[in-house]
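Architecture and fold: a report
Here are the chains, one letter per residue:
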Amino acid sequence: MKICKAVVALGLLAGLLLASTAQAQQFNWQQFKGTQLRVLLNKHPWQAAIEPHLKDFETLTGIKLITEVYPEDQFRAKVLVELTSGASSIDVFMTMPAQEGLKYMRADWYQPVDEFLKDPSLTAPDYNWNDFLDKTREAMVIEGKLIGPPVQVENVSLMYRKDVFQKYGVKVPTTLDEMEAAAKALNGKPMTDDGQPGFGIVNRGKRAAATSMFAGMLYAMGGSWLTPDREPAINSEEAIKAIDMWGRLLRLYGPPGSENNHWYEASSIFSQGKAAMYTDANSLWPVIEDAQKSKVIGKVGYALFPRGPKGQYGSTVAVWGLGMPKTAKNQKAAWLFMQWATNKDQVFKVQTEKGVLGCRDAVWKDPKGKAKVPADLAESLAQGSKVGTPFWNPPVVAVAEVRDAVGAAIVTSIQGGDVKAAANKAAADMKRIMAETEKK
Amino acid sequence: MTTNSRSLPPPARSSSGWALFIERHPVLVFTSPATVVVFILMVFPVFYTVYMSLHSWFASSVTAPEFIGLANFKRAFTQDERFRNAVWLTLYFTVLATAMQVVLGVALALLLNRPFRGKGFFRSIFLLPMVATPVAIALVWMMMYNPTLGVMNYLVGLVGLGPFKWVSDVRLVIPALAVVDTWEWTPLITLITLAGLATLPLEPYESALIDGATPAQMFWRITLPLLRPTIMVALLFRSIDCLKTFDIIYVMTAGGPGFASETLNVYTFQVGLFYFHIGYACSLLVILFALVLGVSLVLIKVRRGSW
């Protein structure tokens with residue numbers, strides 16, 4: 001105990017010293033006063049939550065913001081076209097590194113921000129980069145370079161009917177085997193007031209759409225998309241087991257026609273009370289708890305994606321973040337904006353006001369910070385984002401094409417086809433696609 | 001006003017060069033706006049597509065299009081399984097959908113051509129599907145085809161069949177989509193056939209009646225042969241449309257399950273706008289164009305009776 005106290009005392013002293021030095025060289029937010037930043041935002045809960053606060057940034061820094069907001073499809077197209085032209089005037093844009101990161105990095109469109117982050121004249125002493133949940137930081141690094149801070153995170157996680165599990169005395173699964181056993185035990189049991197039988201589990205099964213959630217099972221099984229030397233690993237023993245299980249669960253204990261289910265269909269089956277379990281992004285919780293449409297409000301538990309045979313975690317860590325193009329004219333001012341938008345105060349505000357799933361540990365530890373979301377969701381999200389994998393997408397340039405190739409194998413598995421052959425074909429396709437699109 | 005009027009050109013005299021030119025070549029001058037628009041929006045893109053089809057271009061600013069001759073076509077025909085699958089599905093869908101539509105459409109037209117009460121009303125009702133928005137239709141059918149909640153399984157259940165997985169079943173998905181297309185477009189064939197029926201001469205029927213022909217004989221020997229050119233026109237329209245059907249397929253299955261309903265058009269869309277292989281997508285479009293052209297030429301020949 002004495003040692004503890006001593007450590008605390010030392011810590012306090014160090015803190016005081018740091019605080020005084022920080023006060024001595026007060027961080028200069030006004031250093032780029034008078035510049036203008038063009039910020040492109042995707043229509044998204046984070047954008048909706050941060051927009052009312054943007055004028056605070058303008059007051060603090062004297063930098064003028066010109067923001068443009070587009071719906072997701074148009075937003076992606078707009079950014080792509082502007083960056084392709086090579087004459088973009090964008091200073092900051094929202095980016096999803098696992099989706100477009102490698103393509104943009106190989107095209108040399110991102111301005112890495114490592115140098116800005118290290119520079120004490122550009123980064124406020126209280127920014128505390130290490131406060132971001134471990135894997136959300138990792139998710140913003142592409143080929144060793146940090147492209148910006150994350151603004152929102154989601155994981156593939158297990159959503160389950162607390163009432164159904166309790167009624168039939170089934171243990172909430174923490175491993176893949178337990179999940180299969182639970183699906184088997186609960187399939188066909190009545191789950192709604194009208195006594196109609198429900199399904200054991202519902203998941204996405206639509207070709208490319210399924211892959212981002214299947215990633216959870218792939219990593220829990222101990223598999224991965226690529227080997228360390230970037231060869232396709234989708235036909236490894238572990239990956240084949242994962243593809244087989246994803247399909248088997250849906251074939252035996254899921255709704256018929258899963259092959260065409262995207263999250264809209266899957267989440268609606270679950271929120272109508274017709275399935276006991278659903279593994280998808282935990283950011284879907286507002287859909288599951290929708291007061292107007294859902295029949296399972298308050299009955300759903302949120303847990304980590306079940307762990308694999310060797311205890312591997314399957315949580316995927318999918319982040320939206322901020323990035324700046326190489327062509328940005330005011331890069332240092334842009335970094336100030338990125339930093340301000342993701343400092344603890346702003347993250348706290350967007351999370352407490354609008355329930356945005358932020359990436360800062362300190363905010364998740366704060367009781368006020370997690371008040372807007374279900375308690376078990378807050379807990380599983382913070383944990384999953386520390387231990388999961390940022391590779392919810394294959395880390396390749398041609399993401400969409402590779403997702404289709406892997407998705408085809410998943411569909412084959414749902415239909416009870418030859419999984420091994422399908423996985424081998426997916427691997428061969430991946431190899432060809434990568435060779436075509438990643439010429440050095 | 002004064003400054004403005006000063007900058008105006010002097011009133012044209014018929015002797016000035018321009019006016020003379022317009023007077024002499026009115027056709028050339030007055031059609032030129034339309035010609036320019038057609039050239040920019042239609043002729044140029046077609047040739048540019050053909051030009052791009054000879055290139056390899058993975059869209060991004062760092063790699064410029066690279067000329068590779070006919071390699072894209074070679075790849076499509078010799079290596080690309082998804083392409084072969086897509087061509088087969090396109091033809092399968094087209095034959096199935098147009099066959100159903102022509103049979104039903106002509107039958108409906110014959111029915112509606114008889115005098116009965118409320119004829120106009122029923123005609124209008126039968127033509128309604130054609131005016132609905134394809135995407136909305138697709139979404140409604142998607143609900144009807146839902147294996148657990150949809151009405152289709154209930155309906156086939158009444159006659160002791162099913163339940164089917166419909167658009168989630170690899171074998172049923174194309175027929176199921178063809179049914180949707182048939183539901184929407186049969187009225188077009190009915191409409192065209194009705195117009196054809198209205199122009200048929202009465203004399204052959206009169207002489208047939210005098211010769212004691214049965215109604216069936218009159219249909220097979222007189223009505224159908226006389227209607228042939230009309231039906232061929234309808235068939236031509238529908239087969240061209242079916243070959244390039246995109247909306248209902250993309251909305252309902254996006255080519256799934258797996259690739260079981262990925263027609264050439266859906267595949268090309270995927271290759272061009274999701275995978276960004278612009279050159280290869282262009283060559284697929286050229287092939288689709290050739291396919292549509294080929295089918296049209298055959299049908300036109302058949303219509304003229306030269307085959």
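Conventions used here
- In this convention, every chain numbers its residues from 1, walking through the sequence in written order.
- A letter from A marks each chain and a number from 1 marks each ligand, given out in the order of writing.
- Reporting of local features is limited, given that this is a predicted model, to residues whose pLDDT is at least 70; pairs of side-chain atoms are given and counted only at 80 or more, and all residues count toward the totals for whole chains, interfaces and linings.
- Think of the side-chain values as coming from all heavy atoms in the structure, minus any hydrogens and water.
- Every helix listed is a DSSP run of H or I at least four residues long, and every strand listed is a run of E at least two residues long, numbered separately from the N terminus.
- With C-alpha atoms as the basis for the radius of gyration, the globule rule is written as 2.2 Å multiplied by the number of residues raised to the power 0.38.
- Every residue pair with non-hydrogen atoms within 4.5 Å of one another is taken to be in contact.
- The Shrake-Rupley method, run with a 1.4 Å probe, gives the accessible areas here. Residue values count only the displayed protein chains as cover.
- Positive: Lys, Arg. Negative: Asp, Glu. His and the chain ends are not part of the count.
- Think of each charge as sitting on NZ of Lys, CZ of Arg, CG of Asp or CD of Glu.
- When two components associate, each loses some accessible surface as probed by a 1.4 Å sphere; the sum of these losses over both components is called the buried area.
- Salt bridge, as used here: a side-chain nitrogen of Lys or Arg that lies within 4 Å of a carboxyl oxygen of Asp or Glu.
- Whenever a nitrogen or oxygen atom comes within 3.5 Å of another N or O atom, the pair is scored as a polar contact, on the condition that within protein one atom can donate a hydrogen and the other can accept it, and that pairs from neighbouring residues in sequence are kept only if both atoms are in side chains.
- Under the convention adopted here, Pro, Cys and the residues Ala, Val, Leu, Ile, Met, Phe, Trp and Tyr are nonpolar, Asp, Glu, Lys and Arg are charged, and Gly plus all remaining residues are polar.
- We call a set of buried Ala, Val, Leu, Ile, Met, Phe, Trp, Tyr and Cys residues a nonpolar core when their side-chain atoms join them within 4.5 Å.
- We call a residue buried when its accessible area falls under 20% of the maximum for its residue type, exposed when it is over 50%, and partly exposed in between, using a 1.4 Å probe and counting protein chains only.
- Aromatic pairs are defined between Phe, Tyr and Trp rings, using the six-membered ring for Trp, whenever the two ring centres lie within 6.5 Å; interplanar angles under 30 degrees are classed as stacked, those over 60 as edge-to-face, and all others as tilted.
- Comment: the charge-over-ring label is applied if NZ (Lys) or CZ (Arg) is within 6 Å of the ring centre and within 35 degrees of the ring normal.
- Note that domain bounds follow an automatic or database assignment of domains.
- Think of each axis as a best-fit line through the C-alpha atoms, taken over the contacting stretch in the case of a helix, with angles from 0 to 180 degrees between the N-to-C directions.
- Angular relationships are summarised with four words: roughly parallel below 35 degrees, roughly antiparallel beyond 145, roughly perpendicular across 65 to 115, and oblique for the angles in between.
- By convention the crossing between two helices is left-handed if the near helix lies anticlockwise of the far one by an angle smaller than a right angle, and right-handed if it lies clockwise.
- Pairing between two strands requires that DSSP report at least two bridges joining them.

1. Section: the overall build of chain B
Secondary structure summary: chain B contains 14 helices and two strands in total. At 26 Å, chain B has a C-alpha radius of gyration far larger than the 19 Å of a compact globule built from 307 residues. The principal-axis extents of the C-alpha atoms in chain B amount to approximately 80 × 60 × 50 Å. The contacts of chain B with a sequence gap of at least 6 include a subset with a gap of at least 24, amounting to 66%. Per element, the accessible surface of chain B, about 17900 Å² overall, is 72% carbon and sulfur. Charge centroids of chain B, computed over 20 positive and 13 negative side chains, lie 5 Å from each other.

2. With respect to the interface of chain B and chain A
Many descriptions give the size of an interface as the accessible area lost when the pieces come together. Listed by partner, the interface residues are 30 residues for chain B and 26 residues for chain A. Carbon and sulfur atoms supply 56% of the area buried between chain B and chain A, which totals about 2200 Å² over both sides. Seen at the junction of chain B and chain A, the total is three salt bridges. Here Arg75(B) ties to Glu436(A) by a salt bridge, and the two come within 3.2 Å at their closest N and O atoms. Along the contact surface separating chain B from chain A lie nine residue pairs in polar contact (both at pLDDT 80 or more). Tallied by class, the residues present in the side of chain B that touches chain A amount to 14 nonpolar, 11 polar and five charged.

3. Some details on the nonpolar core
Residue and element names in this part refer to chain A. With 87 residues, the main nonpolar core has Leu37, Trp46, Leu322, Trp335 and Phe337 as its most contacted residues. Counting residues per element, this core draws most heavily on helix α14 (residues 331-341), at eight residues. Dropping the residues within four chain positions of it, Trp46 is found in contact with Leu41, Met94, Val151, Leu322, Ala341, Val350 and Val356. In this structure, Ala182, Met217, Ile234 and Leu250 belong to the second largest nonpolar core, which totals 56 residues.

4. Here's the deal with the packing of aromatic side chains
All names here are of chain A. This structure, assessed with the given rule, holds 34 aromatic pairs over all chains. Arranged with centres 5.3 Å apart and planes meeting at 50°, the rings of Phe57 and Trp340 form a pair that is tilted. With Phe57 in helix α3 (residues 54-61) and Trp340 in helix α14, this residue pair connects regions lying 283 residues apart in the sequence. Trp340 carries the same exposure label as Phe57, and that label is buried. Positioned above the aromatic ring of Tyr168 is the side chain of Lys189, whose terminal nitrogen or guanidinium carbon lies 5.8 Å from the ring centre.

5. Topic: the domain arrangement of chain B
With domains assigned, chain B is organised as domain 1 (3-37) and domain 2 (80-303). Domain 1 of chain B and domain 2 of chain B are separated by 49 Å when their C-alpha centres are compared.

6. What to know about α14(A)
Since the α-helix turns once every 3.6 residues, residues separated by three or four places project in the same direction. The buried count for α14(A) comes to 10 of 11 residues, which makes it a mostly enclosed element. Taken residue by residue, α14(A) has Gln331(A), Ala333(A), Ala334(A), Trp335(A), Leu336(A), Phe337(A), Met338(A), Gln339(A), Trp340(A) and Ala341(A) as its buried positions.

7. Observations regarding the environment of Ile50(A)
Residues and elements named next belong to chain A. By secondary structure assignment, the location of Ile50 is in helix α2 (residues 45-50). Given the relative accessible area of 0%, Ile50 is considered buried. C-alpha of Ile50 to C-alpha of Thr389: the two residues are 339 residues apart in sequence and 27 Å apart in space.

8. Points about the packing of helix α6 (residues 119-131) of chain B against helix α9 (residues 173-198) of chain B
All names here are of chain B. In contact at an axis separation of 6 Å, α6 and α9 are set at 130° when each is read in the N-to-C sense. By the angle class used here, α6 and α9 are oblique. When you trace α6 past α9, the crossing you get is left-handed. Mapping the contact onto sequence places Arg123, Phe126, Leu127, Pro129 and Met130 in α6 and Trp183, Glu184, Trp185, Pro187, Leu188, Leu191 and Leu194 in α9.

9. Quick notes on the pairing of strand β3 (residues 92-95) of chain A
All names here are of chain A. Burial of the side chains of β3 extends over both faces: Val92 and Met94 are buried on one face and Phe93 and Thr95 on the other. Sheet topology note: the strand β1 (residues 36-42)/β3 ladder contains two bridges and is parallel. Bridge pairing in β3 places Val39 opposite Val92. Pairing geometry for β3 and strand β11 (residues 318-323), over three bridges, is antiparallel.

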